[in-house]
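Summary of the model geometry
Listed below, chain by chain, are the residues.
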Amino acid sequence: MLIHVLSHTHWDREWYQPAGRFRQRLVPLIDELLDEPPPDGASFLLDGQAVVLQDYLAMRPERSAELSAALRRGALEAGPWLVLADELIPGGEALVRNLLAGRRVLRAMRAEAPPVLYCPDAFGHPAALPELARGFGFEMVVAWRGYGGRRWPSGDAVRWRAPSGATVLLYHLPPSGYEAGASLSADQAEARARWEALRPDVVGRARLGVVLLPNGADHHARQRDLGAAVAALRRAAAPEAVQQGSLAAFAALALEQARAAPLDEVSGELRDSYGYTWTLGGTLATRAYQKRNAATLERLLVREVEPWAALAARRSGVSRRSAVQAAWHELLLCHPHDTLCGCSTDQVARAFDARIESGMAQAAGVRDDALAVLTGHDAEAARRQPDAWRPHLVLRNPAPQPRSGVAIVTLTRVLHHVAVGPGSPPEEAIVAPRDGRRFGRRVVPRIDGVMATQVLAREQVHERLESPRAYPYDDLVERTTVAISAPEVAGFEVRALAVGGKAKPGASVPYPVRAASGSLTNGLISVDVSPDGTITVQNLASGRRMVGFVTLEDQDDAGDLYTPSLRGEVRVGKSGGAVLRHKGPLVGAIETRWQVPVRYHESATAAITLMLYAGSPIIRVFISGANAACDHRLRVRFATGIQAPTVRADAAFGPLERRPLVIDAEDAAMEVAPPTAPLHRYVTLSNAERGATVISDGLAEYEGYENGNIAITLVRAVGELSRSDLPERPGHAGWPAPVPGAQCPGAFGANFAVWFHGAWSEEVVSIIERMVQDVLTPVTGTLNRWLLDTPPDAGGLTLHGRGLVFSAARESEDGDWLVLRCVNVFDRAVTGRWEVAGGLREARASRLDETPGAPIPVEGAAVAFEAPARGVVTILVR
């Protein structure tokens, strides 16, 4: 048996201190390693992430060459991740971007990561992680939390299979994880005692003849007397062999041994290490608003920024890769497990908020610049010719299939031009296009190709035309939010519709929304609110009727940022009736006002708005409110009526069936398994006859019940980073500190949609995926008043094939290709086809890391492919 001692640090970039303070500690740590490198054959691992290299060089740019040299010769190891992210909350594409960014940092220093997907402290792992690892050329994953104990095979090594069939060697750390070999003693008697304590978890679990013993801990610099300590351990552990080494060397030995080893195989998510070590699965709703904001930015980057930027580059030859990467960088810096999971100080949380705000501004700017290219908008020319402006409603479809139907767009009407600066002429001296006609309450200007419209809201805002060689051109405008019956827009197409002139009488629409006092219907769904506030919905085709469809509930929570500790009875909110907000025919909405009893006779207030669109079987639910209480958990509960359901939830690269975690009392004494689970875009409950799906816009925690209810956490308010007095997890999980900001005072919100359907099937999951697109990334549009001509339809990217779900469309890292990726959500192989407007000349299969593979035949504008069951298919085209 070979004991492989790996010197390392576990570097939480920010946690109980902000990133800037931890960076001050990182600099002397790496300085020392460069001044006194590890001995030949050994390394120091910088925790599997490359962001620490960026942080160090921000303070020590003069040592870039030395750092690069140490990485290249293996004295230091870093990566493959940019940051050690939480792996259950971000989407699959965010995990891919994380690995691409980590590789980019290392290659800028002419270095490579060890050939291991190193995941030492994530609070669980997605079922698709083996697919992600193999997609970057890694055959091995090293992990700790989320796996281990009596419900898994014994031993430190198994084969782990993804839903796609991709397999990796999973090497599992001992119960004490990455600090199993921390602070080894050079005293022989102490070394002997330490070895006797280590032996059961090291030798007793060994399955490969080689064992990794991590020598390090949180923010620890290299152990000073490591050489002497390893020598003492070597004598104590005899006849077992002990040596210092590197992660790369350990991986090579472990993989070689594994090829002939009879290992067990596991599959699915790794979310259960109860009784083995703390899993810390209770962070899914901590600082819930931040998880929602991160999901919103991730969706913007994947579904709009990257595709539009790639299509614009194809048209203009000008790449925006660096700007896209900069926006992603802001989001990825929010993904470390202590940051995205919310289990950090308020100072760290405020830095999170600032990064998200910056990322949103950058992402929206790249999107708008790309759309300007696709519509041929020349800001400089338009700035010089205000009299030549021709307003157009610019529709965009951020999905790879043609779509039409109800779309929510914004129109603007100039009130007056705004002059800025002491040298500005008076406003009446400035020639500006004006439209003196006010839109009537239900009237908007004529829009080419639009047969029906409905005004939803108005506000006054300032609108600016930015130009590269002049000050912005600012107008005070009336912005009107309008529902329209949108004409068909092709997949990832931008379509401009001329605006102006007298509107035609509204045409009839299929399944229009009709409203009465306290009720809505569109012929497919009806919504009724009784005088006592009870909400009832009915699927008119099937007759399914759900009384008490949506409610709010609250419960005391005495926990900390890691672990809920729910106490007392669940308190159910009460509604004070309904107000009709929109009467149709395109959009109907009823608003209900709620009071929810909270702690100490306080209450939370919220508005729940239920909305129907013409022709859609989806019930949209919008929640907004204000939290003024502490130490409680506020949830929304949806009733589906499906008894003893099977639960399937969206996850990284496709939905998974989930069963409740069941652990015995002995394991629960270390840590209780919460009944909640990660929520990505949707969760579905179904039985043999029927089903229901709840779509969420970013909240990360749900709980399914045997009676068919689904509860989703809106606010989890607690005020301590870590407590030691919780019956659910005795002992501190982090350094105790007050976190009043984690009580989440102030506004909260969430958007949902619910669809009642039949039993789970290929057809149902296909429709769910289309509806998720319609809810989260709908066809939308904005009036561009500054176009000088009517642009032709631009863009154009279509995915064909049942069971195939869009995952990515982006410029490749090297700028040579358009990367197209989709996921097969069926349990069987299917065929598919991408079509790219303008034609193709070359296509190649690819790994997730964009390594080109075998050529694929191109037929004009299309490339056909086969997607294996639950497979993730990446194709490079140009």
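Structure's up top.
Residues numbered from 1 in each chain as written. Predicted model: local features only at pLDDT ≥ 70, side-chain atom pairs only at ≥ 80, totals over all residues. Heavy atoms only, no water.

Let's shift gears to the packing of aromatic side chains. Under the defined criterion, the tally for this structure stands at 16 aromatic pairs. Residues W144 and Y178 carry aromatic rings whose centres are separated by 5.5 Å and whose planes lie at 85° to one another, so their mutual orientation is edge-to-face. Note that W144 is positioned in the loop between β5 (140-143) and β6 (157-161) and Y178 in the loop between β7 (167-172) and α6 (188-202), a separation of 34 residues in sequence. Each member of the pair, W144 as well as Y178, is classed as buried. Linked through ring pairs, W11, W15, Y16, F22 and W735 together constitute an aromatic cluster. Residue placement shows R637 over the ring face of Y705; its charged tip is 4.3 Å from the ring centre. Geometry around W278 places R729 over its ring, the cationic atom sitting 5.4 Å from the centre. (Phe/Tyr/Trp six-rings, centres within 6.5 Å; stacked < 30°, edge-to-face > 60°. Helix = DSSP H or I, 4+ residues; strand = E, 2+ residues; numbered from the N terminus. Buried < 20%, exposed > 50% of the residue type's maximum accessible area, 1.4 Å probe, protein only. Lys NZ or Arg CZ within 6 Å of the ring centre and 35° of its normal.)

Read across the sheet, 9 strands follow the order β23-β24-β25-β26-β35-β32-β31-β28-β29 without closing on themselves; strand pairing throughout is antiparallel. Each edge of the sheet is formed by a strand with only one pairing partner; in this case those strands are β23 (574-583) and β29 (656-658). For this sheet, the mean angle separating the axes of adjacent strands, direction not counted, is 20°. Here strand β28 (residues 646-649) pairs with strand β31 (residues 682-686) via 4 bridges, running antiparallel. Among the inter-strand pairings, V647 is bridged to a residue of β31, identified as L685. Here helix α15 (residues 762-776) sits on the sheet and contacts β26 (619-627), β31, β32 (690-696) and β35 (746-758); the angle it forms with β35, its principal contact strand, is near 150°. (Pairing = 2+ DSSP bridges. Axes fitted to C-alpha atoms, helices over the stretch in contact; angles between N-to-C directions. Contact = heavy atoms within 4.5 Å.)

Counted under the stated rule, the structure contains 0 disulfides. Of all cysteine sulfurs in the structure, the one in C343 sits closest to C341, which takes part in no disulfide; the separation is 5.2 Å. (Disulfide = S-S within 2.5 Å.)

With that settled, consider the sheet that holds strand β18 (residues 525-529). Reading across the sheet, the 5 strands line up as β16-β17-β18-β19-β20 and stay open at both edges, with antiparallel pairing between neighbours. In this open sheet, the two edge strands, each paired with only one partner strand, are β16 (514-516) and β20 (545-547). When strand polarity is set aside, the average angle formed by the axes of neighbouring strands in this sheet is 10°. Bridging between strand β19 (residues 535-539) and β20 involves 3 bridges; their strand directions are antiparallel. Paired with T536 across the bridge in β20 is V547.

What follows covers the nonpolar core. As a rule of thumb, nonpolar side chains are buried together in soluble globular proteins. One finds L53, L67, L132, V141 and W834 to be the most contacted residues of the largest nonpolar core, which totals 144 residues. The element contributing the most residues to this core is helix α9 (residues 288-316), with 11 residues. In this view, L67 contacts I30, L34, L53, Y56, L57, L76 and M109; residues no more than four positions away in its chain are not counted. (Core = buried A, V, L, I, M, F, W, Y, C linked by side-chain atoms within 4.5 Å.)

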